[in-house]
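# Tertiary structure, described
Letter by letter, the chains look like this.
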Amino acid sequence: MWSRAEFSPAMKVPHVLGMVLAGGEGKRLAPLTADRAKPAVPFGGSYRLIDFALSNLVNAGYHRIVVLTQYKSHSLDRHLSTAWHLSGMLGNYVTPVPAQMRRGPRWFAGSADAVYQNLNLVYDERPDYICVFGADHVFRMDPRQMVAQHVESGAGVTLAGIRVPRVQAGQFGVIEAVPGGRRIARFREKPTDADGLADAPDQVFASMGTYVFTTRTLVEAVMTDATDASSGHDVGGDIIPMLVERGEAELYDFDGNDVPGATDRDRAYWRDVGTLDSYHEASMDLVSVEPIFNLYNRAWPILTWSRPLPPAKFVSTESGEGRAIDSLVCQGAIVSGGVVRRSVVSPDVRVEAGAEVEDSVLMDGVIIEPNAVVRRAIIDKNVRVPSGTRIGVDLEQDAGRFTVSGGGVVVIGKGEKVE
């Protein structure tokens, strides 16, 4: 076991390792996760979900990042190797780490077990602090500010919390700090009796699944957890309650995070897109005139790699003008006599004459043939919607052939045949 001197926080510039937990199966996002891991699901036309966590770390200057993967990781691995190749000459890296079974012939039993099975990465890098981020949240954050609070406090772990209405407490892990302070007194999953905040009785702090650990604390915690047969071996469900009970956990109020270039409208924006409805809602947040989440913030860009496609094109036909209104339209897309409203149109999409697309997400290579209608739908890659087809108009009919979410969003899987 290391001494504290080996991970001294006395440095002016702390040595921080980024650790992104990308092993989630994403069952609630099916069929979007039928062929890919949840963090690899496309979002916002040009991006993957994991790009948001990675962009926050890299923009902050944290350029040594490991991504712990497990389920259906090929698409994610390929994206990381293509989009996130940092300069090895400077010692920088974003590297996917599959389940290596270093502790025996078994997969990760949970996110804490994923960290435990990969402690060799920590031993090799020897950081002072570790930023542990989820890979499937849409948000902008300057983690340097959270790390600074953590270093100053001397806590073992700092949890980012976002203010949400108290009536929604049953949907989140809820952080309850001591009155007038930041030390966390209780951490509970989906409580029905959460107390409101002192300065906002109708709000609670929901955990964002974003943590800063002092390295020694994390190492000791996951080693202890590994010996507990009753544990679920989850960072949020097991490690955090353990450290709260020890009095080693502090709250970071996300509302105070000042991201360069942020506006009052998109300040402290965070979405967990773990369900089809939340994915659709977050996508619609992007398309208003003054978006709730602004992809155009060049001071804190969301980074990715895009295929070298020609610009988007809008064509007039006998059926009318090709138009896109309050929408995101990516490179290579052609709207030829069709109309797109309040939608996300990904690269290489075709919307043909007389077609109507509203409140929808069209992923790469989707073709909407003439006079088809698509409303409140998510259509995955390489789907062809035949002429005259109506999707999202009659949900009862759609439920017999596609996935329909609880909120009435029609979802068509990758390459699925539409008849």
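Here we summarise the structure given alongside this text. Since this is a predicted model, take the numbers as computed values, not measurements.

Turning next to the overall build of the protein chain. Helix and strand content of the protein chain: nine helices and 29 strands. For the protein chain, the C-alpha radius of gyration of 22 Å lies close to 22 Å, the compact-globule estimate for 419 residues. Dimensions of the protein chain along its principal axes, counting C-alpha atoms only, are 75 × 50 × 40 Å. Out of the 419 residues belonging to the protein chain, those deemed buried represent 53%. On the protein chain, roughly 18000 Å² of surface is accessible, and the fraction owed to carbon and sulfur atoms is 48%. Side chains of the protein chain carry 43 positive and 52 negative charges; the gap between the two charge centres is 3 Å.

Turning next to the pairing of strand β9 (residues 173-177). Counted residue by residue, β9 has four buried out of five residues, so it is predominantly covered. Alignment of β9 against strand β11 (residues 203-214), held across two bridges, turns out to be antiparallel. By the bridge assignment, Val174 is partnered in β11 with Ala206.

Of all six residues making up strand β6 (residues 129-134), six are buried, and the element is well covered by its neighbours. Burial of β6 is two-sided: the residues Tyr129, Cys131 and Phe133 facing one way and the residues Ile130, Val132 and Gly134 facing the other way are all buried. By the bridge criterion, six bridges tie strand β1 (residues 16-22) to β6 in an arrangement that is parallel. Bridge pairing in β6 links Val16 to Tyr129. Both β6 and β11 contribute to a ladder of five bridges, which runs antiparallel. Looking at the pairing, Tyr129 lines up with Thr214 of β11.

Generally speaking, soluble globular proteins have nonpolar side chains that are buried together. Of all hydrophobic cores here, the largest spans 41 residues; its most connected members are Ile50, Leu54 and Val67. The biggest single contributor to this core is helix α1 (residues 50-59), with five residues. Those residues within four positions of Leu54 in sequence are excluded, and the remaining contacts are Val20, Ile65, Val67, Leu80, Trp84 and Val94. Listed in part, the 39 residues of the second largest apolar core include Val97, Val132, Val157 and Phe205.

On to the sheet that holds strand β26 (residues 384-385), then. Taken in spatial order, the five strands make up an open sheet running β14-β17-β20-β23-β26, and their pairing is parallel. The two strands at the open ends of the sheet, each matched to only one other strand, are β14 (313-315) and β26. Relative to strand β20 (residues 350-351), strand β17 (residues 334-336) runs parallel, the two sharing two bridges. Looking at β20, one finds that Ile334 is bridged to Arg350.

Okay, the sheet that holds strand β16 (residues 328-329) next. With mixed pairing, the six strands of this open sheet are ordered in space as β16-β19-β22-β25-β29-β28. A single partner strand is all that each edge strand has here, and the edge strands are β16 and β28 (403-404). Taken together, the two bridges between β28 and strand β29 (residues 410-412) define a ladder with antiparallel strand orientation. What sits directly across from Val404, in β29, is Val410. Sitting on the sheet, helix α8 (residues 276-284) is in contact with β19 (344-345), β22 (361-362), β25 (377-379), β28 and β29, with an inclination near 95° to β25.

This part takes up the packing of helix α6 (residues 215-226) against helix α7 (residues 235-245). Taken N-terminus to C-terminus, the directions of α6 and α7 make an angle of 115°; their axes are 10 Å apart at the nearest point. For the pair α6 and α7, the sense of crossing is right-handed. Each of Thr217, Ala221, Val222, Thr224 and Asp225 in α6 lies in contact with α7, whose residues at this interface are Asp238, Ile239, Met242 and Leu243. Here the residues of the contact of α6 with α7 are counted per class, giving five nonpolar, two polar and two charged.

Here we take up the packing of aromatic side chains. This model, assessed by the stated rule, comprises eight aromatic pairs. Ring centres 6.4 Å apart and planes at 50° place the aromatic pair Phe172 and Trp270 in the tilted group. Here Phe172 is found in the loop between β8 (157-165) and β9, whereas its partner Trp270 is found in strand β13 (residues 270-272), with 98 residues between them in sequence. For Trp270, a relative accessible area of 6% corresponds to the buried category. Cluster of aromatic residues (ring-pair linked, three or more members): Phe43, Tyr47, Phe52, Tyr269, Tyr279 and Phe293.

Calculation notes
Residues numbered from 1 in each chain as written. Predicted model: local features only at pLDDT ≥ 70, side-chain atom pairs only at ≥ 80, totals over all residues. Heavy atoms only, no water. Helix = DSSP H or I, 4+ residues; strand = E, 2+ residues; numbered from the N terminus. Rg over C-alpha atoms; globule rule 2.2 N^0.38 Å. Buried < 20%, exposed > 50% of the residue type's maximum accessible area, 1.4 Å probe, protein only. Areas by Shrake-Rupley, 256 points an atom, 1.4 Å probe, with all protein chains shown as cover. Lys, Arg positive; Asp, Glu negative; His and termini not counted. Charge placed at Lys NZ, Arg CZ, Asp CG, Glu CD. Pairing = 2+ DSSP bridges. Core = buried A, V, L, I, M, F, W, Y, C linked by side-chain atoms within 4.5 Å. Contact = heavy atoms within 4.5 Å. Axes fitted to C-alpha atoms, helices over the stretch in contact; angles between N-to-C directions. Left-handed = near helix turned anticlockwise from the far one by under 90°. Nonpolar A, V, L, I, M, F, W, Y, C, P; charged D, E, K, R; others polar. Phe/Tyr/Trp six-rings, centres within 6.5 Å; stacked < 30°, edge-to-face > 60°.

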